[in-house]
Amino acid sequence: MNIKQLHHQFLQSIIKEKRLVRIYQALIFITFFSLWEIASRFSWIDPLIFSSPTKVASLFIEKINDGSLLSNIGVTLFETVLGFVLGTLAGTLLAATLWWFPFFSKIADPYLVILNAMPKVALGPILIVALGPGFTSIIAMGAIISVIITTIVVYTSFKEVDYNYLKVLQTFGATKRQSFQEAILPSSMPVIISTLKVNVGLSWVGVIVGEFLVSAKGLGYMIIYGFQVFNFTLVMLSLLMIALFATIMYQLVEMLERKLIKR
């Protein structure tokens, strides 16, 4: 068997594995919603609290027709994406600053640990008072919840780049800026991408908590409103929308990762 045939077999095995993964994922998805529907219909679970897929689907169609669902999704998506981008950029820039100024990083290190340990959602009321009860405070929640962890993880990655590689660049006359562009940043790109994946979930958490506290629109508002009027089908619909769009954001980050790896 030649190399070409072995390569073909290897590709076929990868394709087969991907198909199996998709099949099992689909089976888990179908099984979950089927069991949920059956359990609700036969009252194995409380249908008032846990609702059912058919009720959620019916409410979904109703909310799509009156335009309220798309409006609320649009608000939350805008806040989440902006908070996600700002948190990741701010964290990466802060990590670059710490790498650039080692003395400053030594001063900031204990404060980063303290800020990372602090529950960010507890800052919600302070942000609302400081920035006002609007989009700004909610976006700030989405950004703040991810900025510190991004800074710590990315800065750690910057420090772990092979020192000998940097020495070689300096030997050939590379400046600190060139060393950062040619060695530090490219070497840390996998970590930055992994941080993006984590930040997807964190940004959703921050924005939804912000909407719990102050918003009059958005998926977080729909959840709170559903609890207030005891409409748990609305709560379930909102949670499923959050899961769907968080998954889409995660998949987009994975697409970005694949493109960067090819380059």
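If you're wondering where the values come from, they're calculated on a predicted model, not measured in any experiment.

Caption draft 1: The layout of surface pockets, seen in detail. By volume, the largest pocket amounts to about 360 Å³. Around the largest pocket sit Phe29, Phe33, Pro53, Val56, Ala57, Phe60, Leu237, Leu240, Met241, Ala243, Leu244 and Thr247, which together line it. At the level of secondary structure, the elements contributing two or more residues to the lining of the largest pocket comprise α1 (3-41), α3 (53-66) and α11 (232-262). Top contributing element to the lining of the largest pocket by residue count: α11, with six residues. For the lining of the largest pocket, the per-class residue count stands at 11 nonpolar, one polar and no charged. Within this model, the second largest pocket holds a volume of roughly 280 Å³. In terms of lining residues, the second largest pocket is bounded by 15 residues, among which Trp99, Tyr163, Leu166, Gln170 and Lys176 are the most central. Looking at the lining of the second largest pocket, the elements with two or more residues in it are α4 (68-100), α5 (102-117), α7 (135-159), α8 (163-171) and α9 (176-213).

Caption draft 2: Looking closely at unusual backbone geometry. Although it is not a glycine, Ser51 adopts a positive phi angle of roughly 55°. Note on placement: Ser51 falls in the loop between α2 (47-50) and α3. On the basis of relative accessibility, which here comes to 0%, the residue Ser51 falls in the buried class. Here the phi dihedral of Phe230 falls at roughly 60°; this positive angle occurs in a residue that is not glycine.

Caption draft 3: Spatial organisation of the environment of Ile45. As for its position among the elements, Ile45 is in the loop between α1 and α2. On a C-alpha basis, the gap between Ile45 and Leu240 in space is 18 Å, while along the polypeptide they are 195 residues apart. Contact partners of Ile45, with chain neighbours within four places excluded, come to Trp36, Ala39, Ser40 and Phe50.

Caption draft 4: Inspection of the UniProt feature "transmembrane region" (unreviewed entry) in the protein at higher detail. Mapped onto this structure's residue numbering, the UniProt feature "transmembrane region" (unreviewed entry) falls at residues 21-39, 81-101, 113-132, 138-158, 202-224 and 230-253. With 100% helix and 0% strand, residues 138-158 has end C-alpha atoms that lie 30 Å from one another. Taken end to end, residues 202-224 is 78% helix and 0% strand, and its two terminal C-alpha atoms sit 19 Å from one another.

Caption draft 5: Spotlight on the nonpolar core. One finds Leu69, Trp204, Leu219 and Met241 to be the most contacted residues of the largest nonpolar core, which totals 25 residues. Broken down by secondary-structure element, the contributors of at least two residues to this core are α3, α4, α9, α10 (219-228) and α11. Sort the elements by how many residues they give to this core and α11 lands first, with 11 residues. Apart from the residues within four sequence positions on either side, Leu219 is in contact with Leu69, Asn72, Ile73, Thr76, Trp204, Ile208, Glu211, Ser238, Met241 and Ile242.

Caption draft 6: Structural context of the environment of Ala122. Looking at the secondary structure, you find Ala122 in the loop between α5 and α6 (124-131). With relative accessibility at 45%, the residue Ala122 sits in the partly exposed group.

Caption draft 7: Highlighting α6. Among all positions of α6, only Gly124, Leu127 and Ile128 are buried. End-on, the buried residues of α6 take up no more than an arc of 100°, which puts them together on one face. Exposed and facing more than 90 degrees away from the buried side of α6 are Ile126, Val129 and Ala130. Of the surrounding elements, those touching the buried residues of α6 are α7 and α9. At the exit of α6 stands Gly132, carrying a positive phi of roughly 95°.

Caption draft 8: Main features of the pattern of salt bridges. Within the structure shown, the criterion is met by three salt bridges. Two residues, Glu37 and Arg41, come together in a salt bridge whose shortest N-O distance is 2.7 Å. Residue Glu37 and its partner Arg41 are both found in helix α1; the two are separated by four residues, about one turn of the helix. Assessed through its relative accessible area of 11%, Glu37 is described here as buried. With a closest N to O distance of 2.8 Å, Glu257 and Lys197 form a salt bridge. Placement of Glu257 in helix α11 and of Lys197 in helix α9 is noted, with a sequence separation of 60 residues between them.

Reading the values: the criteria
Residues numbered from 1 in each chain as written. Predicted model: local features only at pLDDT ≥ 70, side-chain atom pairs only at ≥ 80, totals over all residues. Heavy atoms only, no water. 1 Å grid on protein atoms, 1.4 Å probe; cavity = no way out; pocket = protein on both sides within 12 Å on 5 of 7 lines; lining within 4 Å. Points joined across faces, edges and corners; volume = space filled by probe spheres on them. Helix = DSSP H or I, 4+ residues; strand = E, 2+ residues; numbered from the N terminus. Nonpolar A, V, L, I, M, F, W, Y, C, P; charged D, E, K, R; others polar. Buried < 20%, exposed > 50% of the residue type's maximum accessible area, 1.4 Å probe, protein only. Contact = heavy atoms within 4.5 Å. UniProt positions renumbered as here; feature names shortened; annotations may be inferred. Core = buried A, V, L, I, M, F, W, Y, C linked by side-chain atoms within 4.5 Å. Arc of directions from axis to C-beta. Salt bridge = Lys/Arg side-chain N within 4 Å of Asp/Glu carboxyl O.

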